[in-house]
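# Geometric and topological summary
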Amino acid sequence: MWILALNGLAYLTYGLVTGRFRRMLLPIRIDELIATIQDALRFRLSHDDPTKYNTVQKLLYVGVILIGIMIVISGLAIWKPVQFSELLALFGSFQTARLVHFLCMTGIVLFMIVHVSLALMVPHTLVAMLTGGPAVDHRKPASVQLEPTH
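Let us look at the structure shown here. Here the structure is a predicted model, which means the values were calculated and not measured.

Let's shift gears to the overall build of the protein. Each helix and strand in the protein was counted, giving eight helices and zero strands. The helix and strand sequence of the protein, counted from the amino end, reads α-α-α-α-α-α-α-α. Pairs at least 24 apart in sequence give 56% of the contacts found in the protein among residues at least 6 apart. Within the structure as shown, the protein displays about 10,600 Å² of accessible surface, and the carbon and sulfur contribution to it stands at 68%.

Another point: the packing of aromatic side chains. Tallied over the full model, the rule gives four aromatic pairs. Relative to W79, the ring of W2 has its centre 5.9 Å away and its plane inclined at 80°; by these criteria the two rings are edge-to-face. In this pair, W2 sits in helix 1 (residues 2-18) while W79 sits in helix 4 (residues 55-79), placing the two residues 77 residues apart along the sequence. Ring centres of Y11 and F21 lie 5.3 Å apart, and the angle between their planes is 65°; this geometry places the pair in the edge-to-face category. Separated by ten residues along the polypeptide, Y11 in helix 1 and F21 in helix 2 (residues 20-25) bring together distant segments of the chain. Taken together, the ring pairs in this structure connect Y53, Y61 and F111 into an aromatic cluster. Over the face of the ring belonging to W79 we find K80, whose NZ or CZ atom lies 5.2 Å from the ring centre.

So, about unusual backbone geometry. Of note, the bond from L26 into P27 is cis; its omega dihedral lies within 30 degrees of zero at -5°. Its location among the elements puts P27 in the loop between helix 2 and helix 3 (30-41).

Within the secondary structure, K58 is located in helix 4. For the buried K58, no salt bridge is present, and the opposite-charge side chain at shortest range is E32, 4.9 Å distant. Look past the residues within four positions of K58 in its chain and what remains in contact with it is M24, L25, L26, P27, I28 and Y53.

With that settled, consider the environment of T36. Topologically, T36 is positioned in helix 3. What makes T36 buried here is its relative accessible area of 10%. Spatially, the C-alpha atom of T36 lies 6.5 Å from that of V56, the residues being 20 residues apart in sequence.

The next point concerns helix 4. Across its 25 residues, helix 4 extends 36 Å between first and last C-alpha, which sits within 8% of the 36 Å expected from 1.5 Å per residue. When helix 4 is considered as a whole, its buried residues turn out to be T55, V56, Q57, K58, Y61, I65, I71, V72, S74, G75, L76 and A77. Tucked into the core, helix 4 has its buried residues touching helix 1, helix 2, helix 3, helix 5 (85-91) and helix 6 (94-121). Near the N-terminus of helix 4, the side chain that reaches the backbone nitrogen of V56, with its oxygen 3.0 Å away, is that of N54.

The rules we used
- Numbering of residues begins from 1 in every chain and follows the order in which that chain's sequence is written.
- Only residues with pLDDT of at least 70 are given local features in this predicted model, and only at 80 or more are side-chain atom pairs given and counted; all residues enter the totals for whole chains, interfaces and linings.
- The basis for every side-chain value is the complete set of heavy atoms in the structure, and neither hydrogens nor water enter the calculation.
- Elements are defined by DSSP. Helices are runs of H or I of four residues or more, strands are runs of E of two residues or more, and each kind is numbered from the N terminus.
- The contact definition used throughout considers only heavy atoms, calling two residues in contact when any of these lie within 4.5 Å.
- To measure how exposed things are, a 1.4 Å probe is used in the Shrake-Rupley method; for residues, cover is taken only from the protein chains shown.
- Only the six-membered ring of Trp is used, alongside the rings of Phe and Tyr, when aromatic pairs are assigned; centres must lie within 6.5 Å, and planes under 30 degrees apart are stacked while those over 60 apart are edge-to-face, with the rest tilted.
- Only when the NZ of Lys or the CZ of Arg is both within 6 Å of the ring centre and within 35 degrees of the ring normal is a charge said to sit over the ring.
- Any residue under 20% of the maximum accessible area for its type is buried, any over 50% is exposed, and the rest in between are partly exposed; the area is computed with a 1.4 Å probe on protein chains only.
- Asp and Glu count as negative and Lys and Arg as positive, but His and the ends of the chain are not part of the count.
- Salt bridges are defined as contacts in which a side-chain nitrogen from Lys or Arg sits within 4 Å of a carboxyl oxygen from Asp or Glu.
- Multiply 1.5 Å by the residue count of a helix minus one, and that product is the helix's expected span.
- Here a polar contact is recorded for every N or O atom pair within 3.5 Å, except that within protein the pair must consist of a potential hydrogen donor and a potential acceptor, and residues adjacent in sequence are included only if both atoms are side-chain atoms.

Structure below.
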């Protein structure tokens, strides 16, 4: 739990200070979300530029960040309910905090399933996922860099 909490705190700090969250995860537009979901359901999800997130990715990443925050808060509340009684009070009861914690774990598992499924629909993104990102040549525009090689 402490590794998750400290890593999450570092990630949130980095994302907020550098503006990465604002740049990569916002805005989320409903019309783009509907179009992206329709493309995914037709198995025609394109992801030509792996440095840009589509709307489903943005929504899922924002969601899993919020779930990560909730799982740490609910985990602290059920781990030490007396010492963190103020956190426990946010949930109303110990049982509700446990339920929220369990639902957050379920959300993380569902995120992983959707994340991997969508990545398998666009196989060229798997290398970037495993290596930490696409190879970017800063001397060329992004549209030129990401053309597939045969």
